[in-house]
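Residue-level listing of the chains:
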Amino acid sequence: MSMNRIIPSIKIGAHVLPPVFLAPMAGITDAAFRETVSDFGYVPMITEMVTSEACVRKNPKTLRMMDFYQGESPKIVQLVGGTPERMAEAVKISADHGADILNINMGCPMKKIVHGEAGAALMRDHNLAKKILHAVVRATSLPVTLKMRLGWDTHQKNALEIARIAEEVGISLIIVHGRTRSQFYTGMADWEAVGEVKKSVRIPVIVNGDIKNTATAMAALNASCADGIMVGRAALGAPWLPCQLASFLTTEVLVEQHPLMIQQTVIRHLDRMVAFYGQERAVCISRKHMCWYSKGLEKAATFRTHVNKALSIQEIKQYVEEFMHEQQ
Ligand SMILES: Cc1cc2nc3c(=O)[nH]c(=O)nc-3n(C[C@H](O)[C@H](O)[C@H](O)COP(=O)(O)O)c2cc1C
């Protein structure tokens with residue numbers, strides 16, 4: 001496939017980053033998954049969202065979400081919250097925990113988050129959004145980035161205003177998921193609307209939403225003129241995808257995965273889940289990943305039934321080996 005342009009790297013503070021980001025996904029992009037993505041190359045990755053309240057309370061499960069894999073760089077922590085003071089405190093805790101870059105979540109559509117005036121709810125309240133961004137930038141010398149949607153709903157598409165506020169208070173980069181909060185994940189991401197945000201600021205803008213492969217990566221970049229892309233759901237069961245796209249966008253080389261390589265990836269990911277969570281939790285957490293890894297492959301239903309009944313990672317590994325062997 002020929003392409004229109006090679007996409008340059010992105011600078012945030014002292015960091016020079018490839019133009020493809022792995023999206024933060026709660027319950028998915030833990031250190032075990034991020035390390036597995038990193039086996040395929042170098043892309044910036046963001047932790048699962050960390051609520052500022054729980055962070056300040058030093059909730060052990062929350063602090064664990066800010067753990068990084070050995071050698072992770074840059075370490076990007078995503079914070080969500082609706083109180084400037086708490087967010088500023090959480091920034092300091094994240095920095096002490098080793099963060100290199102912060103990311104503020106203004107896109108989460110979930111009721112439990114928006115009811116606390118956090119996540120996408122901040123897009124309805126310019127004043128509070130500004131206070132939070134300002135407080136966070138003031139609390140740290142680390143670069144602060146922002147992830148948001150196009151607005152609350154079709155009547156309140158105010159991404160441009162929020163982007164200008166963000167630039168004014170010193171945010172270093174903005175990621176825009178091309179949907180409103182009320183859309184949740186329905187419809188298609190509007191990449192052209194992300195382009196309007198790109199035109200309104202001088203800081204780098206990343207386009208996000210519905211990017212699945214090289215064709216959609218190019219289409220999103222062409223429609224938005226963004227500086228880079230962020231990939232979320234398409235990386236589920238395909239941790240090689242972000243680096244594959246980064247390689248394609250920066251060198252025009254597309255590296256395909258061999259089934260044997262996929263098997264090794266799944267096994268490594270399982271080992272990392274055990275190291276990160278211990279056997280018992282790893283068995284539970286691994287089930288959804290096994291479901292994604294097997295999607296669209298022959299005899300996936302039988303494989304999933306076996307995995308869902310398995311009581312140890314060793315057992316799951318045996319099913320993986322048998323299942324992948326049948327694919328060759
Ligand atoms: C299961 C799941 C969890 C998510 N968790 C977060 C999160 O913690 N923080 C965040 O900013 N976005 C979160 N998102 C949104 C993604 O980062 C991304 O913006 C969205 O999925 C659109 O990109 P995609 O079409 O490439 O998946 C989540 C999405 C999914 C599907």
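Residues numbered from 1 in each chain as written. Predicted model: local features only at pLDDT ≥ 70, side-chain atom pairs only at ≥ 80, totals over all residues. Heavy atoms only, no water.

**Let's talk about helix α12 (residues 279-294)**
Turning to step 1, where the next piece is worked out: An ideal rise of 1.5 Å per residue puts 22 Å on 16 residues; α12 measures up with 21 Å between its terminal C-alpha atoms.
Turning to step 2, where the next piece is worked out: Of all the positions in α12, only A282, V283, I285, S286, H289, M290, Y293 and S294 are classed as buried.
Turning to step 3, where the next piece is worked out: The secondary structure elements touched by the buried residues of α12 are α1 (31-38), α11 (259-277), α13 (300-309) and α14 (313-327).
Turning to step 4, where the next piece is worked out: Residue G296 follows α12 closely and has a positive phi angle near 80°. (Helix = DSSP H or I, 4+ residues; strand = E, 2+ residues; numbered from the N terminus. Expected span 1.5 Å × (residues − 1). Buried < 20%, exposed > 50% of the residue type's maximum accessible area, 1.4 Å probe, protein only. Contact = heavy atoms within 4.5 Å.)

**Some thoughts on helix α4 (residues 84-96)**
Turning to step 1, where the next piece is worked out: The terminal C-alpha atoms of α4, which comprises 13 residues, lie 19 Å apart, in line with the 18 Å expected from a rise of 1.5 Å per residue.
Turning to step 2, where the next piece is worked out: Those residues of α4 that sit buried are P84, M87, A88, A90, V91, I93 and S94.
Turning to step 3, where the next piece is worked out: Its buried side turned inward, α4 meets α2 (52-56), α3 (60-65), β5 (76-80), β6 (101-106) and α6 (126-139).
Turning to step 4, where the next piece is worked out: Remark: G98 follows α4 within two positions and exhibits a positive phi of approximately 115°.

**Comments concerning the site of the ligand**
Turning to step 1, where the next piece is worked out: Inspection of the region around the ligand gives 17 residues, with Q78, K147, N208, D210 and R233 positioned closest.
Turning to step 2, where the next piece is worked out: Between the ligand and K147 there is a distance of 2.8 Å, counted from an oxygen atom to a side-chain nitrogen or oxygen.
Turning to step 3, where the next piece is worked out: Considered on its own, the ligand offers 610 Å² of accessible surface; in the complex 87% of this is hidden by protein. (Near = heavy atom within 4 Å. Polar contact = N/O pair within 3.5 Å; in protein donor to acceptor, adjacent residues only side chain to side chain. Areas by Shrake-Rupley, 256 points an atom, 1.4 Å probe, with all protein chains shown as cover.)

**Focus: the side chain of Q263**
Turning to step 1, where the next piece is worked out: Here Q263 shows up in helix α11.
Turning to step 2, where the next piece is worked out: Leave out the neighbours within four places in its chain, and Q263 touches V320, E321, M324, H325 and Q328.

**Things to note about the domain arrangement of the protein**
Turning to step 1, where the next piece is worked out: One can read the domain layout of the protein as domain 1 (10-251) and domain 2 (259-327).
Turning to step 2, where the next piece is worked out: Using C-alpha coordinates to define each centre, domain 1 is positioned 29 Å away from domain 2.
Turning to step 3, where the next piece is worked out: Each partner contributes to the interface: domain 1 provides 17 residues, whereas domain 2 provides 15 residues.
Turning to step 4, where the next piece is worked out: Between domain 1 and domain 2 the total buried area reaches about 1,400 Å² when both faces are included, carbon and sulfur atoms providing 62% of it.
Turning to step 5, where the next piece is worked out: Counting across the interface, domain 1 meets domain 2 through 3 salt bridges.
Turning to step 6, where the next piece is worked out: Put simply, D39 and R268 hold a salt bridge, and the shortest N to O gap is 3.0 Å.
Turning to step 7, where the next piece is worked out: Where the side of domain 1 that touches domain 2 is concerned, the elements lending two or more residues are α1 and α3.
Turning to step 8, where the next piece is worked out: Among the elements that line the side of domain 1 that touches domain 2, the one with the most residues is α1, at 5 residues. (Domains from an automatic or database assignment. Buried area = accessible area lost by both parts, 1.4 Å probe. Salt bridge = Lys/Arg side-chain N within 4 Å of Asp/Glu carboxyl O.)

**Here's the deal with the side chain of N103**
Turning to step 1, where the next piece is worked out: Looking at the element boundaries, N103 is found in strand β6.
Turning to step 2, where the next piece is worked out: Judged by relative accessible area, which is 0%, N103 ranks as buried.
Turning to step 3, where the next piece is worked out: Polar contacts involving the side chain of N103 include one to the side chain of Q78, which spans 2.9 Å.
Turning to step 4, where the next piece is worked out: The contacts of N103, once residues within four sequence positions are left out, are I46, I76, V77, Q78, L79, T145, L146, K147 and I175.

**A few points about the packing of aromatic side chains**
Turning to step 1, where the next piece is worked out: According to the stated counting rule, one finds 3 aromatic pairs in the structure shown.
Turning to step 2, where the next piece is worked out: Here F40 and W240 contribute two aromatic rings whose centre-to-centre distance is 6.1 Å and whose plane-to-plane angle is 70°, an arrangement assigned as edge-to-face. Separated by 200 residues along the polypeptide, F40 in the loop between α1 and β4 (46-51) and W240 in the loop between β10 (228-231) and α10 (241-251) bring together distant segments of the chain. Residue F40 shares its accessibility class with W240, and that shared class is buried.
Turning to step 3, where the next piece is worked out: Both rings, one in F276 and one in Y277, keep their centres 4.8 Å apart while their planes meet at 85°; by these two values the pair is edge-to-face.
Turning to step 4, where the next piece is worked out: For F276, a relative accessible area of 15% translates into the label buried.
Turning to step 5, where the next piece is worked out: Residue class for Y277 comes out buried when judged on its relative accessible area of 19%.
Turning to step 6, where the next piece is worked out: Taking NZ or CZ as reference, K75 lies 6.0 Å from the ring centre of F68, over its face.
Turning to step 7, where the next piece is worked out: Over the aromatic face of W152 sits the side chain of R124, whose NZ or CZ is 3.9 Å from the ring centroid. (Phe/Tyr/Trp six-rings, centres within 6.5 Å; stacked < 30°, edge-to-face > 60°. Lys NZ or Arg CZ within 6 Å of the ring centre and 35° of its normal.)

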